[in-house]
Amino acid sequence: MKYMKLGAKPDAFQTKGNIRFVATELATDIVITVGDVKFYLHKFPLLSKSSRLQTLVVSTDEESNDELDISGIPGGPSAFEICAKFCYGMTVTLNAYNVLAARCAAEFLEMFETIDKGNLIYKIDVFLSSSIFRTWKDSIIVLQTTKSLLPWSENLKVINHCVDSIAAKASIDPSEVDWSYTYNRKKLPSDGGPDSHWNGVRKQLTVPTDWWVEDICDLEMSLYKKVILAIKAKGRTSGEVVGEALRAYAYRRLFSSLDSAANNGLDCTRHRAALETIISLLPAERGSVSCGFLLKLLRAVSLLGSEETYRDGLVKRIGLQLDGASMSDLLIPVSSDENAMYNVDLVSSILEEFMAQHHGDGAGAELRDDDEEEAMDGESHHLSTFVSGFSERALAKLIDGYLVEIAKDPNLPLQKFIKIAEVVPLTARLAHDGLYRAIDMYLKEHPSLSKSEKKRLCGLMDCKKLTAEASSHAVQNERLPLRVVVQVLFFEQLRASAASADAAASLLPRENGNSYGSSRSAATTATTTEDDQWVGGGLPASCDTSSFRSMSGLANKNGSHGGKNGGGKAAAKGPLLMPRKMLSKLWSGKASNGENSGGSDTSESPGSVNLDTETKSTHSRNTRHSVS
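Residues numbered from 1 in each chain as written. Predicted model: local features only at pLDDT ≥ 70, side-chain atom pairs only at ≥ 80, totals over all residues. Heavy atoms only, no water.

Visitor: How do you make sense of the overall build of the chain when you look at a structure like this?
Guide: Regarding its fold elements, the chain presents 30 helices and nine strands. Going through the 628 residues of the chain one by one, you find that 44% of them count as buried. If you take every contact in the chain between residues at least 6 apart in sequence, the share linking residues at least 24 apart comes to 73%. Carbon and sulfur atoms make up 51% of the accessible area of the chain, which totals about 31900 Å². (Helix = DSSP H or I, 4+ residues; strand = E, 2+ residues; numbered from the N terminus. Buried < 20%, exposed > 50% of the residue type's maximum accessible area, 1.4 Å probe, protein only. Contact = heavy atoms within 4.5 Å. Areas by Shrake-Rupley, 256 points an atom, 1.4 Å probe, with all protein chains shown as cover.)

This is the structure in structure tokens:
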């Protein structure tokens, strides 16, 4: 820190309570009051430096009064004491913490060069321009002191000088930074440790591009805004660095105390003003701030009830880069006067914005003719093809994880859950295990769902896209409708049949002429015999839910309870094998118990489908199935 010493005489000021005086043999002849402090001083040294005191003393002499009241002096008693010591020629030290108060007080007392050469105003101005404004941290300290000295600091243009100095230093090439700065966010690879030396020669420390970010976080919001605007105006700092500065400031000055203030019903005016200022300062470049930071700002907007314009602006920006978000960032709590746990509507609007920006209007895209497609500009074409297969899968994983969390909310309406789930493109989910977990969680937390609601919920899931692990869990899940369990077993049977066909194909004649056709015939015969025996001995006559699930669980656990000819071992090799006769009986049994409510459901019965042709028709099925 830079400092300047003025005067050569020893400090003779003494204090007794609220009275300050000069220890000298000469009697004092003037009393100056500043606030609640009285200064007993001498006229001659004061009047020789201050034009204003000259005027005031003349007016008091006419009234035969030796007391002056200058309580309006900026900086208060401490600033006036500096000026008084300078008038006496006593030693006084100026630094970044007190120089501005002394400068404003000197301006108030009119200590100009016209009164005395080398007066206090001139000396302070030289110190500011030659030292303070050239020093990084001193400029920040002085800028912090300007708020308590308004409007004097504004009229003297000290604020502008400090802002320009800070912005200029923050905009230079990091390799030119040769002063100290604060950087606690991470340790650079070249800072200390075994990597700091090479062949006995110390490496030059690398200065990060965002070296200035933490130091300016100490500024009050209005001053911080001036600095950021000045840095952006110079145009030499990237949007990523400005975005990092805003993120660091938000975490220190906003997020750290936001939850406690909002939950305790405190006045959040200051928080709201800081939030809206940060949002207005966000760089326009896409990707300059992370999606997680944008979502935290959106969460703060929701908590503080900021204006709709700030919310809408954040939703659009998040929609551009939602695939970079994490699931925890999407868990935005609702305001305290609502019963739900999370603000699902806000996330739904983000998802809609994401799909609108990256996919465009689906219906409109289908109706657009070739001429219109050729006339599309490059930017629109880029937006419509932006989402790659990878980012779609990342989005599906993100939304499925989010669905699992919001499904735990007992007050979440089914319609909102379904709306979120249906936003993901049909091709994005390679497997439906995540969606199954979300559906299962919703069924667990909402046991009072009606049969039609369960049908609508489970219709989101494509049983063909469940892995073997998820299928094994589903067939023993008491919360799922029985027809869904049958469908899972049916598609597992199809996969098992396809796997058997592939295994049989590997036994076809080889190039050397050897044939294994007889083995294939034997395997086919054995499989047919095994199916007939399993149906005859393993199917419960009543086909009720509990006996069916217990049977399927037992089959999964033991895997070898077949007929007498060893069919059980063959069945254990395939995942959840289910013979056709058993499927037909299960489906007909379900219908007889009242589960089959209409003809449309019968058309989806696995038992009524020819297994020889099912594999061919699988590709024409819709990826979402209606389940009853």
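Visitor: Looking at this structure, how should I read the pairing of strand 2 (residues 13–16)?
Guide: The two faces of a sheet get side chains in turn, since along a regular strand they alternate between them. Taken together, the four bridges between strand 2 and strand 3 (residues 19–22) define a ladder with antiparallel strand orientation. Note on strand 3: the bridge partner recorded for lysine 16 is isoleucine 19. The antiparallel hairpin formed by strand 2 and strand 3 contains two residues in its connecting segment, where glycine 17 sits at a positive phi of about 70°. (Pairing = 2+ DSSP bridges.)

Visitor: Is there a simple way to explain the confidence of the model for the chain in this structure?
Guide: Residues shown with low pLDDT carry predicted positions that ought not to be read at fine detail. When the pLDDT values of the chain are averaged, the result is 76; 70% of them are 70 or greater. The model gives residues 187–204 a pLDDT under 50, and that stretch makes 14 contacts with residues more than four places away or in other chains. Below a pLDDT of 50 lies the segment residues 587–628, which in the model reaches 70 contacts outside its immediate sequence neighbourhood of four places, other chains included. (pLDDT = per-residue confidence, 0-100.)

Visitor: Honestly, unusual backbone geometry in this entry has me stumped. Any pointers?
Guide: Excluding glycine, residues mostly have negative phi values, and the peptide bonds linking residues are mostly trans. Backbone torsion omega between leucine 150 and proline 151 reads 0°, so that peptide bond is classified as cis. Residue placement: proline 151 occurs in the loop between helix 6 (136–145) and helix 7 (152–155). Of note, the phi angle at lysine 157 is positive, near 60°, even though the residue is not glycine. Mapped onto the secondary structure, lysine 157 falls in the loop between helix 7 and helix 8 (158–170).

Visitor: I would appreciate a short explanation of the packing of aromatic side chains in the present structure.
Guide: Geometrically, a pair of aromatic rings is defined through the distance of the ring centres and the angle of the planes. According to the stated counting rule, one finds eleven aromatic pairs in the structure shown. Summarising the aromatic geometry, the rings of phenylalanine 39 and phenylalanine 80 are spaced 5.0 Å apart at their centres and angled 70° between planes, so their arrangement reads as edge-to-face. One end of the pair, phenylalanine 39, is in strand 5 (residues 37–41); the other, phenylalanine 80, is in helix 3 (residues 76–88), with 41 residues separating them in the sequence. Phenylalanine 39 sits in the buried class, given a relative accessible area of 0%. Aromatic pair phenylalanine 490 and phenylalanine 491: ring centres 5.2 Å apart, planes at 55°, arrangement tilted. (Phe/Tyr/Trp six-rings, centres within 6.5 Å; stacked < 30°, edge-to-face > 60°.)

Visitor: Would you mind showing me how to read the sheet that holds strand 6 (residues 67–69) here?
Guide: Hydrogen bonds along the backbone pair up the strands of a sheet, which may run parallel or antiparallel. The sheet built from five strands is open, its strands ordered 2-3-5-4-6 with mixed pairing. With one partner strand each, in any of the chains shown, strand 2 and strand 6 form the two edges of the open sheet. Pairs of neighbouring strands in the sheet enclose a mean axial angle of 20°, with direction left out of account. On the sheet, helix 3 packs against strand 2, strand 3, strand 4 (30–34) and strand 5 and is oriented at approximately 10° with respect to strand 5. (Axes fitted to C-alpha atoms, helices over the stretch in contact; angles between N-to-C directions.)

Visitor: Please clarify how the state of the cysteines should be interpreted in this entry.
Guide: Per the counting criterion, the structure on display carries zero disulfides. Here cysteine 463 stays unpaired: no disulfide links it, and the sulfur of cysteine 458, its closest cysteine neighbor, is 8.2 Å away. Overall, the relative accessible area of 2% leaves cysteine 463 in the buried class. (Disulfide = S-S within 2.5 Å.)

Visitor: Before we go on, may I ask you to explain the side chain of histidine 271 in this structure?
Guide: Here histidine 271 is to be found in helix 11 (residues 269–281). In terms of polar contacts, histidine 271 uses its side chain to reach the side chain of serine 257, at 3.0 Å. Here histidine 271 is in contact with Leu254, Ser257, Leu258, Ala261 and Leu304, once residues within four sequence places are set aside. (Polar contact = N/O pair within 3.5 Å; in protein donor to acceptor, adjacent residues only side chain to side chain.)

Visitor: Mind showing me how you'd approach the environment of tyrosine 436 here?
Guide: With respect to the secondary-structure elements, tyrosine 436 resides in helix 21 (residues 433–445). The class for tyrosine 436 is buried, based on a relative accessible area of 3%. Taking the C-alpha atoms as reference points, tyrosine 436 and alanine 474, separated by 38 residues in sequence, lie 8.5 Å from one another. Not counting the four nearest positions on each side in its chain, tyrosine 436 is found in contact with Met461, Leu466, Ala470, His473, Ala474, Asn477 and Leu480.

Visitor: Quick question: what am I supposed to make of the packing of helix 20 (residues 414–421) against helix 22 (residues 451–458) here?
Guide: Remark: helix 20 packs on helix 22, axes separated minimally by 10 Å, with the N-to-C direction vectors making an angle of 15°. It follows from the interaxial angle that helix 20 and helix 22 lie roughly parallel. Crossing angle aside, the handedness with which helix 20 passes helix 22 is left-handed. Along its contact with helix 20, which presents Leu414, Gln415, Phe417 and Ile418, the element helix 22 presents Glu453, Arg456 and Leu457. Taken together, the residues of the contact of helix 20 with helix 22 break down into four nonpolar, one polar and two charged. (Parallel < 35°, antiparallel > 145°, perpendicular 65-115°, else oblique. Left-handed = near helix turned anticlockwise from the far one by under 90°. Nonpolar A, V, L, I, M, F, W, Y, C, P; charged D, E, K, R; others polar.)

Visitor: Is there a simple way to explain helix 8 in this structure?
Guide: Each α-helix winds once per 3.6 residues, and so residues spaced three or four apart point in a common direction. The terminal C-alpha atoms of helix 8 lie 18 Å apart, and with 13 residues this matches the ideal 18 Å at 1.5 Å per residue to within 8%. Those residues of helix 8 not exposed but buried are Val158, Ile159, Cys162, Val163, Ser165, Ile166, Ala167, Lys169 and Ala170. Buried residues along helix 8 sit in contact with helix 4 (99–109), helix 6, helix 7 and helix 9 (221–234). (Expected span 1.5 Å × (residues − 1).)

Visitor: I keep staring at the environment of asparagine 18 and nothing clicks. Help me out?
Guide: With respect to the secondary-structure elements, asparagine 18 resides in the loop between strand 2 and strand 3. For the pair asparagine 18 and glycine 35, spaced 17 residues apart in the sequence, the C-alpha separation amounts to 9.9 Å. The residues contacting asparagine 18, other than those within four sequence positions of it, are Asp36, Val37 and Lys38.

Visitor: Sorry if this is basic, but what is going on with the pattern of salt bridges here?
Guide: Note that side chains of opposite charge can pair when their charged atoms are close. Counting across every chain of the model gives 18 salt bridges. Between arginine 479 and aspartate 440 there is a salt bridge; the shortest N-O distance is 2.9 Å. Of this pair, arginine 479 sits in the loop between helix 23 (468–474) and helix 24 (482–505) while aspartate 440 sits in helix 21; the two residues are 39 residues apart in sequence, bridging distant segments of the chain. Arginine 479 gets classed as partly exposed once you look at its relative accessible area, which sits at 33%. Within this structure, Asp11, Arg20, Glu81 and Lys85 form a network of salt bridges that share partners. (Salt bridge = Lys/Arg side-chain N within 4 Å of Asp/Glu carboxyl O.)

Visitor: Can you walk me through the packing of helix 4 against helix 5 (residues 120–130) in this structure?
Guide: Describing two packed helices takes the angle between their axes plus the distance from one axis to the other. In contact at an axis separation of 9 Å, helix 4 and helix 5 are set at 150° when each is read in the N-to-C sense. The handedness of the crossing between helix 4 and helix 5 is left-handed. Contact residues: helix 4 offers Val99, Ala102, Arg103, Ala106 and Glu107, while helix 5 offers Leu120, Ile121, Ile124, Asp125, Phe127 and Leu128. Class assignment for the residues of the contact of helix 4 with helix 5 results in eight nonpolar, no polar and three charged.

Visitor: Honestly, the nonpolar core in this entry has me stumped. Any pointers?
Guide: The tendency in soluble globular proteins is for nonpolar side chains to be buried side by side. Residues Ile32, Leu41, Phe80, Trp212, Ile216, Leu322 and Phe417 are the most contacted members of the largest nonpolar core, which totals 160 residues. When residues in this core are grouped by element, the largest group, eleven residues, is from helix 10 (residues 239–263). Ignoring any residue separated from it by four or fewer positions in sequence, one finds leucine 41 in contact with Phe13, Val22, Thr28, Asp29, Ile30, Ile32, Leu46, Phe80, Ala84 and Tyr88. (Core = buried A, V, L, I, M, F, W, Y, C linked by side-chain atoms within 4.5 Å.)

Visitor: Honestly, the pairing of strand 5 in this entry has me stumped. Any pointers?
Guide: Going residue by residue along strand 5, you find Val37, Phe39 and Leu41 tucked away on one face and Lys38 and Tyr40 left uncovered on the opposite face. As paired elements, strand 3 and strand 5 share three bridges and run parallel to each other. By the bridge assignment, arginine 20 is partnered in strand 5 with phenylalanine 39. Two strands pair when backbone bridges link them, and strand 4 and strand 5 are joined in this way by five bridges, in the antiparallel orientation.

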